[in-house]
Amino acid sequence: NDIIKAMRDLGISERVYQDAYAQVTNWKMFTPEAFANRLNRLTGVSAESIRAALESVAEVSGHHVYPDTAAGFETLKNAGHELYILSWGDTAWQLKKIKHSGLMPFCKEVLSVSQLKADYLKTWAPAGTKVVLIDDKPAELKAVHDSGQGIALIRMRRAGAKYSDQDTPDGMAEATSMPDVLSIIETMG
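Residues numbered from 1 in each chain as written. Predicted model: local features only at pLDDT ≥ 70, side-chain atom pairs only at ≥ 80, totals over all residues. Heavy atoms only, no water.

(A) Here's a closer look at the packing of helix α4 (residues 47-58) against helix α6 (residues 91-99). Contact pair α4 / α6: the axes reach a minimum separation of 8 Å and the direction vectors enclose 40°. The residues of α6 that touch α4, namely those facing Leu54, Glu55 and Ala58, are Trp93, Lys96 and Lys97. Residues of the contact of α4 with α6, tallied by class, amount to three nonpolar, no polar and three charged. (Axes fitted to C-alpha atoms, helices over the stretch in contact; angles between N-to-C directions. Helix = DSSP H or I, 4+ residues; strand = E, 2+ residues; numbered from the N terminus. Contact = heavy atoms within 4.5 Å. Nonpolar A, V, L, I, M, F, W, Y, C, P; charged D, E, K, R; others polar.)

(B) Structural view of helix α9 (residues 178-188). Met178, Val181, Ile184 and Ile185 are the residues of α9 that are buried. On an axial view of α9, the arc spanned by its buried residues comes to 115°, and they lie on one face. In α9, those exposed residues whose orientation departs by more than 90 degrees from the buried face are Glu186 and Thr187. Looking at the buried positions of α9, the neighbouring elements they touch are α5 (69-78), β3 (132-135), β4 (152-156) and β5 (173-175). (Buried < 20%, exposed > 50% of the residue type's maximum accessible area, 1.4 Å probe, protein only. Arc of directions from axis to C-beta.)

(C) Spatial organisation of the environment of Thr43. Relative to the helices and strands, Thr43 resides in helix α3 (residues 32-43). Thr43 sits in the partly exposed class, given a relative accessible area of 31%. When residues no more than four places from it in sequence are discounted, the contact partners of Thr43 are Ile12 and Val16. A polar contact is formed between the side chain of Thr43 and the backbone nitrogen of Val45, at a distance of 3.1 Å. (Polar contact = N/O pair within 3.5 Å; in protein donor to acceptor, adjacent residues only side chain to side chain.)

Take it as geometry only, folks, not as evidence of what the structure does.
Shown next as structure tokens:
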């Protein structure tokens, strides 16, 4: 992980990084400022240096996108689907990462939200519009499912990814790659 490497370059161990990250984000929104301030308190490394390291990682975030993602987005867009990226977190931070991901040309809009995705989707999707949410976090998918909005859900479960050890909630389609996603969407009609 490039953030871990950037922190290591500042003298911050992976363990300290992971502990600080868990404490800052436990169902709370990640912000570079809060994270940098927490690490500063734990390590004495200046918050400005930590924020600068985070910014430099965000600027090269395109290489963090799985190799099949852009091609999958392009296929979906060419098939007439409107694509949105719904990202939970600090808007400026999320937009900076997404801008450098290479996915923007395929998307109609990037939606960065500070509330739970399930709550946001209650007011976002117009009635009668078929919405498919693809997410890797089982808890997010379950919350959307439990909200009763009738949104089609696909759990992206890539090997070795952050939530790959968590089970997919019952009744949800599971994909391990963008070709899997495309096949699932094709069967939805």
